[in-house]
Amino acid sequence: MTLAAPTPLVRARNLRKSFGPVEVLRGVDLEVDAGQVCCIIGPSGSGKSTLLRCINHLEKLDAGQIYVNGELIGYRRVANKLVERSEREVARQRAGIGMVFQQFNLFPHMTVLANVMEAPRRVRRDPPDEVRERALHLLDRVGLPDKANAYPAQLSGGQQQRVAIARALAMRPLLMLFDEPTSALDPELVGEVLETMRALADDGMTMIVVTHEIGFAKEVGDQLAFVDQGVIVERGVPDEVLANPSSDRTRAFLSKVL
Amino acid sequence: MSTATLPVADDEEQLAIVRRRSPLRLLGMAVMLVLAAMLVNTLITNERFEWAVVAQYLTVDAVVAGALLTLELTAIAMVLGVLLGIVLAVMRMSRSRLLASTSWGFVWFFRGTPLLIQLIFWFNLSALYPALSLGIPFGPAFVTGSSNAFITPFVAAVLGLSLNEAAYMAEIVRGGLLGVDRGQTEAAQALGMRRLHLLLRIVLPQAMRIIVPPVANQTLSMLKNTSLVSVLGAADLLHSAQIIYSRTYQTVPLLIVAALWYLAMTSVLSVGQYYVERYYRRGDRSVMQL
């Protein structure tokens, strides 16, 4: 993905996805410009996490297309068919898209520094000294300069999530996906993670954030999408969507969470 | 509840704590002491143990060579068994029905028949296939040889022990792999790791915590199960002892010699198990000082 970033950076068209008899995504369209922060809100089970996981092909699509930086994700167009890409190509595409999970998913058998260095070293095959320097710099940036040699279990949830963010950033991604990054945290630890994400947004990172933090969406988000029952019900500037929701479903949801 | 009425000791008063006594525990201890005394007594006074003979044969060349063969068979069979077991476990978890059921069939067969039968079977392979050849299936053969020449007692022992071990190991490894959180795989995939990298660097090291204790048990079992190869005439530890006592009729002392060797080797392995387990628990909250 070395092309100059076209606009929009992420373009999803008519995404459909079923788990067994349940249709989780029922025709979703999404566009996110480079440097934008798009927050996705919606009730649990609405399909917002699935949408996010389709963007780096952790979930396979039943229909539709996702383009990141102009490249079709997970599939290759052959005549009028979409053929799933090889594991090598999917891995290459994923390497350019960072992801942060609700449960952090740090590698518990590795130190913090090893967590951050693993993929740049062995996936990107960058030189070790440079990777080490970058990793230490990133740990400094997420506010954990003294935790390089700690193991994940020695850290609080908020610290673990900040390491997870550093780990994703170490791959120099052009897009970051956040899947409810603060939902598993104790209330007093939510702020430090949101602060890290805010700093990342200020630096111009393109971010898609599935969240329940309406305050974060309002302050940091450039775009807010409300997802319900597998469709994007409403999409727009956060202030407007929050102040004047055009759909009853959005209004009903907001009245419960605000 | 009001504490005001409770009698409270003066601050300076130090009251001694008396722990509860259990008469049953005292009785149990007494019985054990008596039994232990009886055991020591009989070991010393019963001359038929022939401790002098035990000492005489403990380090003779044949016995030491037998112990070395036992260790060699254990090491080879465990290494091959673990490697094949990992392959079988990964096959079993494959999306391909064919691969998964092949693995299942292997485990079903090799776990479901006695090891002794498997060993004798491999030793007698030449009765089924007088000649073995290496070549293209249904096509030309590059090398052909006599089964009798190829299947020595040692080869039959390695084949039987490692294939049998692989069947058990497949289940142990599969349990370990399933015990690693799905999120680990997803996080690794999201970073662009490919299957082999993910298995070797992320999932297997974590599965090892679950896998190592049963593998250590299997290794101890294997060390002792190698004694079955004495039926093939391989000169392992037990067979070496048998050869000697069939000549000298000093059955009990020589069995004690073999038992002492087995005990020594399993003890060393148990110590090794402790360190291996400690290595794979690194990063565990329970073993770290904060």
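Residues numbered from 1 in each chain as written. Chains lettered and ligands numbered in written order. Predicted model: local features only at pLDDT ≥ 70, side-chain atom pairs only at ≥ 80, totals over all residues. Heavy atoms only, no water.

Asker: Can you help me understand the packing of helix H3 (residues 61–92) of chain B against helix H12 (residues 251–280) of chain B in this one?
Answerer: The angle between the axes and the distance between the axes are what describe a pair of packed helices. Residues and elements named next belong to chain B. Two numbers describe how H3 lies on H12: the axes approach to 11 Å, and their chain directions differ by 40°. Classified by the angle their axes make, H3 and H12 are oblique. Judged by the twist between their axes, the crossing of H3 over H12 is right-handed. Between H3 and H12, the residues in contact are Val-63, Val-64, Ala-67, Thr-70 and Leu-71 and Val-257, Trp-261, Tyr-262 and Met-265, respectively. Its residues assigned to classes, the contact of H3 with H12 shows eight nonpolar, one polar and no charged. (Axes fitted to C-alpha atoms, helices over the stretch in contact; angles between N-to-C directions. Helix = DSSP H or I, 4+ residues; strand = E, 2+ residues; numbered from the N terminus. Parallel < 35°, antiparallel > 145°, perpendicular 65-115°, else oblique. Left-handed = near helix turned anticlockwise from the far one by under 90°. Contact = heavy atoms within 4.5 Å. Nonpolar A, V, L, I, M, F, W, Y, C, P; charged D, E, K, R; others polar.)

Asker: How should the nonpolar core be read in this particular structure?
Answerer: Generally speaking, soluble globular proteins have nonpolar side chains that are buried together. By size, the foremost hydrophobic cluster in this structure holds 79 residues, and its most contacted members are Leu30(A), Ile40(A), Ile66(A), Leu175(A) and Ile208(A). Ranked by residue count, the leading element in this core is helix H8 (residues 153–178) of chain B, at 12 residues. With sequence-adjacent residues up to four places away left out, Leu30(A) is seen in contact with Val10(A), Arg11(A), Ala12(A), Cys38(A), Ile40(A), Leu51(A), Ile208(A), Gln223(A), Ala225(A), Ile232(A) and Arg235(A). Ranked by size, the runner-up nonpolar core spans 49 residues in total, among them Ile41(A), Ala135(A), Leu139(A) and Phe253(A). (Core = buried A, V, L, I, M, F, W, Y, C linked by side-chain atoms within 4.5 Å. Buried < 20%, exposed > 50% of the residue type's maximum accessible area, 1.4 Å probe, protein only.)

Asker: Just checking my understanding: could you explain the sheet that holds strand S12 (residues 231–236) of chain A for this structure?
Answerer: Hydrogen bonds between backbone groups are what pair the strands of a sheet, and the pairing can be parallel or antiparallel. Residues and elements named next belong to chain A. Spatially, six strands are ordered S8-S9-S10-S3-S11-S12 in an open sheet, and the strand pairing comes out mixed. This sheet does not close on itself; its edge strands, each paired only once, are strand S8 (97–100) and S12. Sheet twist, expressed as the average angle between the axes of neighbouring strands with direction ignored, equals 15°. By the bridge criterion, four bridges tie S8 to strand S9 (residues 175–179) in an arrangement that is parallel. Note that in S9 the partner of Ile-97 across the bridge is Leu-175. Its contacts with the sheet place helix H6 (residues 187–202) against strand S3 (37–41), S9 and strand S10 (207–210), and it is angled at close to 155° to S10. (Pairing = 2+ DSSP bridges.)

Asker: What exactly am I supposed to notice about the sheet that holds strand S4 (residues 63–68) of chain A here?
Answerer: Residue and element names in this part refer to chain A. Pairing within the open sheet is antiparallel, and its four strands lie in the order S2-S1-S4-S5. The open sheet has two edge strands, strand S2 (22–32) and strand S5 (71–72), and neither has a second partner. As paired strands, strand S1 (residues 10–19) and S4 are joined by five bridges and run antiparallel to one another. Across the sheet, Arg-16 pairs through a bridge with Ala-63, a residue of S4. Packing of helix H1 (residues 48–55) onto the sheet brings it into contact with S1, S2 and S4, and relative to S2 it is tilted by some 60°.

Asker: Help me understand the confidence of the model for chain B in this model?
Answerer: Do not read the predicted coordinates in detail wherever pLDDT is low. All names here are of chain B. Model confidence for chain B is summarised by a mean pLDDT of 91, while 94% of its residues fall at 70 or above. Across chain B, the secondary-structure element scoring lowest on mean pLDDT is strand S2 (residues 141–146), at 85, and the one scoring highest is helix H9 (residues 182–190), at 97. Reported for the predicted complex are a pTM of 0.82 and an ipTM of 0.93. (pLDDT = per-residue confidence, 0-100.)

Asker: Would you take a moment to explain the interface of chain A and chain B for this structure?
Answerer: Accessible area lost upon the coming together of the parts serves often as the stated size of an interface. Across the boundary between the two partners, chain A contributes 28 residues, which contact 25 residues of chain B. Across the interface of chain A and chain B, roughly 2400 Å² is buried in total on both sides, 54% from carbon and sulfur atoms. It is Glu87(A), Phe107(A) and His109(A) that lose the most area in chain A upon contact with chain B, and together they represent 24% of the buried surface on that side. At the surface where chain A touches chain B, the tally comes to four salt bridges. Of the charged contacts in the structure, one is a salt bridge between Glu118(A) and Arg201(B), with a shortest N-O distance of 2.6 Å. Among the elements of the structure, helix H2 (87–95), S8, helix H3 (112–122) and helix H5 (157–169) of chain A are those that each provide at least two residues to the side of chain A that touches chain B. If one sorts the elements of the side of chain A that touches chain B by residue count, H2(A) sits on top with five residues. Looking at the side of chain A that touches chain B residue by residue, the class counts come to 16 nonpolar, four polar and eight charged. (Buried area = accessible area lost by both parts, 1.4 Å probe. Salt bridge = Lys/Arg side-chain N within 4 Å of Asp/Glu carboxyl O.)

Asker: When you look at a nonpolar patch on the surface in this model, what are you seeing that I'm missing?
Answerer: The grouping of Leu24(B), Leu27(B), Val31(B), Met32(B), Val34(B), Leu35(B) and Met38(B) at the surface amounts to a nonpolar patch, some 730 Å² of accessible area in total. Position of Val34(B) relative to the elements: it lies in helix H1 (residues 23–45). (Patch = residues over 30% accessible without salt bridge, like charges linked within 9 Å, V, L, I, M, F, W, Y side chains within 5 Å. Areas by Shrake-Rupley, 256 points an atom, 1.4 Å probe, with all protein chains shown as cover.)

Asker: Please clarify how the pattern of salt bridges should be interpreted in this entry.
Answerer: Opposite charge on two side chains allows them to pair when their charged atoms are near. For the structure on display, the rule yields 26 salt bridges over all chains. Between Arg195(B) and Glu87(A) there is a salt bridge whose closest N-O contact spans 3.5 Å. Here Arg195(B), found in helix H10 (residues 195–225), pairs with Glu87(A), found in helix H2, and the two come from separate chains. We classify Glu87(A) as partly exposed; its relative accessible area is 29%. Taken together, the salt bridges that share partners define one network made up of Arg124(A), Asp126(A), Glu130(A), Arg134(A) and Arg172(A).

Asker: Whenever I open this one, the pairing of strand S11 (residues 223–228) of chain A confuses me. Can you help?
Answerer: As a general feature of sheets, a regular strand has side chains that alternate between the two faces. All names here are of chain A. By the criterion of burial, S11 is predominantly enclosed, with six of the six residues buried. Neither face of S11 is exposed, since Gln-223, Ala-225 and Val-227 on one face and Leu-224, Phe-226 and Asp-228 on the opposite face are all buried. Alignment of S3 against S11, held across four bridges, turns out to be parallel. Bridge pairing in S11 places Ile-40 opposite Ala-225. With five bridges joining them, S11 and S12 adopt antiparallel strand pairing. Bridged to Ala-225 within S12 is Arg-235. Where S11 folds back on S12, the antiparallel hairpin that results is connected by two residues, among which Gln-229 adopts a positive phi of roughly 50°.

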